[in-house]
Amino acid sequence: MAESTATTEREFMLDVRTQDMEVNMGPQHPATHGVMRILMRADGEICTGAQPHLGYLHRCAEKIGENVEWLQYLPYTDRYDYLAAMNNNLGYSLAVEKLMGIEIPRRALMIRTICAELNRIGSHLIAFGTYGLDIGAFTPFLYMFREREWMMALFEKICGARLTYSYIRIGGVFNDAPPGWLSEVERFCDVFEEKWQEYVDLLMVNHIFVQRTANIGVISPAMALDFGLSGPMVRGSGIDWDLRRDMPYELYAEIWKAGAFSIPLGKGERGALGDCWDRAYVRVMEMMESIKIVRWCLDSIAPGPVIADIPKTLRVPAGEAYVGIENPRGELGHYVVSDGGKVAVRCRVRGPSFTNLAVVEELMPGTLIADAVAIIGSTDIVVGETDR
Amino acid sequence: MFTEVLSAAPQSGTNAINDFLAGVKPEFVPAWAVPLTAVGIAVGITIALVSVIAMFSTWLERKVSGHIQCRYGPMRAGWHGWLQPLADGVKLLLKEDLVPVGADRVMYVVAPAIVLASVLAALAAYPLAPGFFFADLDLGIFFILAMTSTTTIGVVMAGWSSNSKWSLYGAMREAAQVVAYEIPLGISLLVPIMVAGSFNLLEVSRGQAGMFGMDWYIWPWVNPFMLPCFVLFFIAILAETKRAPFDLPEAESELVAGFMTEYSGIRWSFFFMEEYAAMYLYSVVGAFFFFGGFESPLTWGAAKVFGDGHVLYHCAAGLTLILKGFAGVFLMMWLRWTLPRVRIDQVMTLGYKYLTPLALACVLGGSLWEVFVAPILPWRNG
Amino acid sequence: MDFRGILDRLKARQAPGLVGSDEPRAADPADKKDKGRAGDPFLWVEAQALPRFLELCRDDERLRFECLIDLTATDPSKDDPNLHVVVQLLSLAFRHRLMVKCTLPKAAASMPSSVPVHRAAQWHERECGEMFGITFTGHPDPRHILLPEDWIGTPLRKDYVFPDEYHGISCK
């Protein structure tokens with residue numbers, strides 16, 4: 001450091017040099033929701049720059065897709081967004097089924113929808129619970145895990161696994177629901193509605209939580225579209241877009257026409273439109289909408305086959321297709337290219353967390369470090385999907 | 001010989017330690033060893049007290065948090081886990097004692113000691129029972145507040161010397177927070193001090209005897225500004241002890257463990273002993289100034305049945321104080337597991353812009369009440 | 001709008017770089033070798049004109065493709081001298097999707113960056129670039145994103161060979 005040769009006071013003040021501190025959040029950090037590193041430049045408590053570094057959880061899913069057979073790839077799909085594995089299975093299966101042009105039995109569609117929506121609830125429970133944990137509220141996280149345990153027990157009964165299911169397969173689902181499963185799902189729905197009110201009262205409208213999340217990380221609608229965001233990230237900014245209603249797949253067109261569910265949007269109730277509170281609000285309200293969808297399916301389900309006739313060694317007709325579904329985190333897209341063989345030519349996974357995370361680089365400068373944690377929590381990323 | 005030396009120090013009221021030492025007449029002990037023995041006994045008792053308080057508090061915290069979160073907490077180490085703190089203590093003692101590379105060795109080692117020493121020193125001003133105290137200070141509460149404030153020095157030293165940016169953040173936040181909340185803490189205690197007319201803890205407690213031991217200062221007919229003062233005091237002690245919702249200095253989800261990140265083993269346990277001991281001590285201050293101190297129906301009953309000097313009376317009084325202290329600790333734990341964390345700039349805003357003016361307003365109102373209204377109230381005179 | 005409608009509109013607006021289209025078709029019964037093509041229709045666009053094409057798609061009032069959903073690439077086979085860059089577009093206003101493909105020669109895989117048009121392209125182009133060895137000229141920050149900074153090789157090309165060792169760690 002240069003020696004100070006200042007003589008007057010003014011010269012001394014100009015001579016004092018301060019430096020922004022470079023702080024490293026992660027890869028091991030309680031608040032980065034996985035193995036991710038964010039290099040932050042901070043002037044005291046104010047963040048002046050943020051740079052996410054990814055790739056710590058990169059497991060070459062796309063390369064593997066080009067080396068294993070179509071049916072063998074299914075367990076890999078579970079593992080990118082491991083908190084919403086049913087939806088991942090669904091996305092991949094739909095893409096391949098589009099290329100094959102087969103019809104899925106109705107009972108399979110019903111069970112798929114029930115499982116996808118239950119998984120959506122589970123994923124939002126974690127998203128909201130860990131968000132509370134990041135903000136400092138330890139207890140709601142454990143209460144939400146109580147309901148998530150029940151959901152995982154339901155999935156264990158139907159397919160044997162708690163987290164990575166590989167249950168929704170190309171052509172339908174792997175096996176039929178065991179007897180009594182559907183009535184237990186109905187009981188879950190009944191109990192969940194009371195518990196949901198508990199979470200809202202304990203965390204959602206808690207004054208400290210609102211103060212920590214309102215007016216933080218405001219994403220304007222134009223910014224949301226420019227960054228290609230999807231899911232609660234855009235709905236929190238007031239954009240009325242949900243793939244289940246606007247580009248329906250499976251039974252959602254029918255369910256929407258029956259008026260069974262609605263799309264919650266952020267309204268800027270507690271602060272600017274598109275702030276962290278709005279996104280958390282959208283996720284909490286979506287849990288109730290998923291319950292309504294599950295109830296509709298429980299009312300309309302009828303016995304029948306649960307899987308179409310798929311050969312063990314599948315050869316998918318040549319072509320390419322893109323299918324995007326509404327993952328709890330946003331639009332999960334699968335782009336599959338086939339040359340008619342046993343193995344895919346290209347199996348591209350468009351993970352919503354990857355695209356949603358890019359906006360963090362833009363949102364963080366100018367906020368406090370505590371807000372940085374709130375912003376990352378509100379993007380609801382799963383690093384498995386960010387890195388694939 | 002003993003009595004000469006001991007009676008030279010200013011005393012008021014009986015003191016069990018002095019009585020005990022006076023009763024023992026070992027001619028073979030030289031004169032200079034006498035005060036040292038007294039001090040040694042006192043220090044031993046304080047260290048034992050702090051350890052027991054910390055151990056019990058860790059168990060209480062884990063059980064309280066467990067039950068709030070719909071789970072049991074420790075259940076295996078002893079009946080309902082009461083031996084768990086012992087197991088934790090043994091584990092911490094056996095851990096590797098390390099100093100991070102690049103850390104300032106001297107400050108790193110000294111910081112936890114300073115933090116614990118300030119709390120131990122504050123304990124010297126506490127009476128454990130009406131007849132069992134280490135020193136009957138006329139400056140009681142002033143001394144306690146001063147000593148508990150010096151823990152900040154240790155925390156900042158810990159954060160700086162750890163050679164880690166996250167620890168530094170924790171230390172800076174802690175320093176800012178504690179300094180900000182010292183003001184409402186001290187000011188809110190002025191109203192009960194005015195009513196009591198003394199800083200001395202024993203006198204404050206004695207002033208609340210009456211009405212079967214329930215004539216506490218918190219009741220609105222004593223001074224209606226007591227209740228707002230207590231609320232301010234409670235919020236201030238939450239911030240002073242770095243408990244949620246003001247636990248930013250150790251914000252687990254942001255700074256890993258704040259200023260304690262680089263500490264492990266017995267050094268880390270010093271910080272935690274200080275935290276729980278400070279929680280208890282501040283609670284007891286609140287108990288003295290707002291909730292009667294030693295006075296309760298139990299104490300009144302023991303005085304009636306056994307008489308003022310009987311050892312069971314002192315036990316009842318001591319037990320009352322312990323229960324009140326731990327009620328405050330329980331309330332602090334309850335709040336920790338319910339409320340989220342407040343951001344540092346919001347903490348500062350709350351402290352400087354809202355609590356300090358409110359505290360000043362309460363003092364103004366309280367003192368006006370004392371001067372003009374209290375003399376005409378029949379239950380305040382005599 | 002359906003695919004034909006989008007294609008007609010683009011032709012009417014003289015979209016820059018539009019080369020052709022490819023729609024799914026059933027197998028030709030006369031030709032045993034032709035198995036047909038399944039899946040989605042897409043457009044062929046010149047790689048060097050892609051940003052201008054995307055800008056037209058975004059701004060045209062009957063197309064309004066505000067969202068760039070995905071930008072990636074495909075290596076069709078080891079023998080094919082070209083890479084295909086694949087772009088998925090989405091219109092929230094009109095609820096339609098569009099798939100756009102460009103060919104890039106493997107030997108000279110360089111094309112202009114679409115970041116000025118859609119900021120979503122920023123991270124997608126970084127990933128595409130490191131996995132396929134495509135250089136997006138004009139990209140503000142072309143570092144590796146998923147791979148380590150010093151990784152050698154372009155993993156998703158069909159002729160990629162995994163290195164024998166990395167920083168002294170044997171990769172066999």
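Residues numbered from 1 in each chain as written. Chains lettered and ligands numbered in written order. Predicted model: local features only at pLDDT ≥ 70, side-chain atom pairs only at ≥ 80, totals over all residues.

Draft legend 1. Inspection of the overall build of chain A at higher detail. Regarding its fold elements, chain A presents 17 helices and eight strands. The C-alpha radius of gyration of chain A comes to 23 Å, within 12% of the 21 Å expected for a compact globule of 388 residues. Structurally, chain A occupies a C-alpha span of about 90 × 50 × 35 Å along its principal axes. Across the 388 residues of chain A, 54% fall into the buried class. Relative to all contacts within chain A whose residues are 6 or more apart in sequence, the contacts with residues 24 or more apart total 71%. (Helix = DSSP H or I, 4+ residues; strand = E, 2+ residues; numbered from the N terminus. Rg over C-alpha atoms; globule rule 2.2 N^0.38 Å. Buried ≥ 20, exposed ≤ 12 C-beta atoms within 10 Å, placed from the backbone. Contact = placed C-beta atoms within 7 Å.)

Draft legend 2. Inspection of the arrangement of the chains at higher detail. In this assembly two pairs of chains touch, with chains A and C having more contacts than any other pair. One finds no contact linking chain B with chain C; the least C-alpha distance across the pair is 25 Å.

Draft legend 3. Inspection of the sheet that holds strand β1 (residues 18-22) of chain C at higher detail. Residue and element names in this part refer to chain C. Spatial ordering of the open sheet is given by β1-β3-β6-β5-β4, a layout of five strands whose pairing is mixed. Two strands close off the open sheet at either side, each with one partner strand: β1 and β4 (67-74). Shown here is a sheet whose adjacent strand axes are inclined to one another by a mean of 25°, direction ignored. Where β1 and strand β3 (residues 42-45) come together, four bridges link them in antiparallel fashion. (Pairing = 2+ DSSP bridges. Axes fitted to C-alpha atoms, helices over the stretch in contact; angles between N-to-C directions.)

Draft legend 4. Representation of the confidence of the model for chain B. Residues and elements named next belong to chain B. Summarising the model, chain B shows a mean pLDDT of 83, and 89% of its residues fall at 70 or more. Here helix α1 (residues 2-8) stands out as the least confident element of chain B, with mean pLDDT 43; helix α11 (residues 226-240) is the most confident, with 92. The model gives residues 1-14 a pLDDT under 50, and that stretch makes 18 contacts with residues more than four places away or in other chains. Interface predicted TM-score (ipTM) for the complex: 0.91; the corresponding pTM is 0.86. (pLDDT = per-residue confidence, 0-100.)

Draft legend 5. Summary view of the sheet that holds strand β3 (residues 46-53) of chain A. Residues and elements named next belong to chain A. Read from one edge to the other, the open sheet built from three strands follows the order β1-β2-β3, with strand pairing classed as antiparallel. Every other strand in the sheet has two partners, leaving β1 (21-25) and β3 as the edge strands with one partner each. When the angles between neighbouring strand axes are averaged without regard to direction, this sheet yields 20°. Note that β1 and strand β2 (residues 37-43) share five bridges and pair antiparallel. Paired with E22 across the strands is R41, a residue of β2.

Draft legend 6. Geometry of the confidence of the model for chain A. Per-residue pLDDT for chain A averages 88, and the proportion of residues at 70 or more is 94%. Predicted confidence in chain A is weakest over helix α1 (residues 9-15) of chain A, with a mean pLDDT of 57, and strongest over strand β7 (residues 330-338) of chain A, with 93.

Draft legend 7. Examining the interface of chain A and chain B more closely. Each side of the interface is counted separately: chain A has 26 residues, and chain B has 21 residues. Broken down by secondary-structure element, the contributors of at least two residues to the side of chain A that touches chain B are β1, α5 (106-135), α6 (139-159), α8 (207-213) and α16 (369-379) of chain A. Considered class by class, the residues forming the side of chain A that touches chain B number 16 nonpolar, six polar and four charged. (Nonpolar A, V, L, I, M, F, W, Y, C, P; charged D, E, K, R; others polar.)

Draft legend 8. Looking closely at unusual backbone geometry. Positive phi, normally seen in glycine, also occurs at S166 of chain A, with a value near 50°. Looking at where S166 of chain A falls in the secondary structure, it is placed in the loop between α6 and β4 (168-169). With 20 C-beta atoms packed within 10 Å, S166 of chain A lands in the buried category. If you check the backbone angles, Q14 of chain C has positive phi at about 50° while not being a glycine.

Draft legend 9. Structural view of the interface of chain A and chain C. Between chain A and chain C, the contact holds 36 residues from the first and 30 residues from the second. Counting residues per element, the ones that place at least two in the side of chain A that touches chain C are α2 (61-65), α4 (85-100), α9 (221-226), β6 (319-327), β7, β8 (346-350) and α14 (352-357) of chain A. In terms of residue count, β6 of chain A provides more of the side of chain A that touches chain C than any other element does, five residues in total. Residue composition of the side of chain A that touches chain C, grouped by class: 16 nonpolar, nine polar and 11 charged.

Draft legend 10. Examining the nonpolar core more closely. Ranked by size, the top nonpolar core spans 256 residues in total, and within it A277 and L281 of chain B together with L89 of chain C carry the most contacts. Among all residues touching A277 of chain B, those that are not within four sequence positions of it are V50, I53, A54 and V119 of chain B. (Core = buried A, V, L, I, M, F, W, Y, C linked by C-beta atoms within 7 Å.)

Draft legend 11. Molecular detail of the pairing of β7 of chain A. Residue and element names in this part refer to chain A. With nine of nine residues buried, β7 is to be regarded as a mostly interior element. Looking at chain direction, β6 and β7 are connected through nine bridges and run antiparallel. Paired with N327 across the two strands is G330, which belongs to β7. Between β6 and the antiparallel strand that follows it, β7, lie two residues.

Draft legend 12. Region of the structure containing the environment of W379 of chain B. The topology assignment puts W379 of chain B in the segment after α16 (344-373). Separated by 132 residues in the primary sequence, W379 of chain B and D247 of chain B have C-alpha atoms spaced 42 Å apart.

Draft legend 13. Layout of α4 of chain A. Residues and elements named next belong to chain A. The terminal C-alpha atoms of α4, which comprises 16 residues, lie 23 Å apart, in line with the 22 Å expected from a rise of 1.5 Å per residue. Among the 16 residues that make up α4, 16 are buried, leaving the element largely enclosed by the rest of the structure. Backbone geometry just downstream of α4 places G101 in the positive-phi region, at approximately 70°. (Expected span 1.5 Å × (residues − 1).)

Draft legend 14. Broad picture of the pairing of strand β6 (residues 96-105) of chain C. Residue and element names in this part refer to chain C. Of all 10 residues in β6, seven are buried; the element is thus mostly enclosed. The pairing of β3 with β6 spans two bridges and is classified as parallel. The residue bridging W44 from the neighbouring strand is K101, located in β6. Here 10 bridges tie strand β5 (residues 82-91) to β6, and the two strands are oriented antiparallel to one another. Bridge assignment links L83 to a residue of β6, and that residue is L104. In sequence, β5 turns back onto β6 through a hairpin of four residues, with R95 there showing a positive phi of about 55°.

Draft legend 15. View of the packing of helix α7 (residues 151-161) of chain B against helix α8 (residues 165-188) of chain B. Residue and element names in this part refer to chain B. Between α7 and α8, whose axes approach to 7 Å, the crossing angle comes to 160°. The angle between the axes of α7 and α8 places the two elements in the roughly antiparallel class. Both α7 and α8 take part in a crossing whose hand is left-handed. Residues T152, V155, V156, A158, G159 and W160 of α7 touch α8, and the partners they reach there are S167, L168, G170, A171, E174, A175 and V178. When its residues are assigned to classes, the contact of α7 with α8 shows eight nonpolar, four polar and one charged. (Parallel < 35°, antiparallel > 145°, perpendicular 65-115°, else oblique. Left-handed = near helix turned anticlockwise from the far one by under 90°.)

Draft legend 16. Broad picture of the packing of α5 of chain A against helix α13 (residues 276-300) of chain A. Residues and elements named next belong to chain A. One way to put it is that α5 packs onto α13 with a least axis distance of 9 Å and a crossing angle of 160°. Here α5 lies roughly antiparallel to α13, going by the angle between them. In this structure, α5 meets α13 at a crossing whose hand is left-handed. For the pair formed by α5 and α13, the contact residues are M110, T113, I114, E117, L118, R120, I121, H124, A127, F128 and Y131 on the first element and A280, R283, V284, E286, M287, S290, I293, V294, C297 and S300 on the second.

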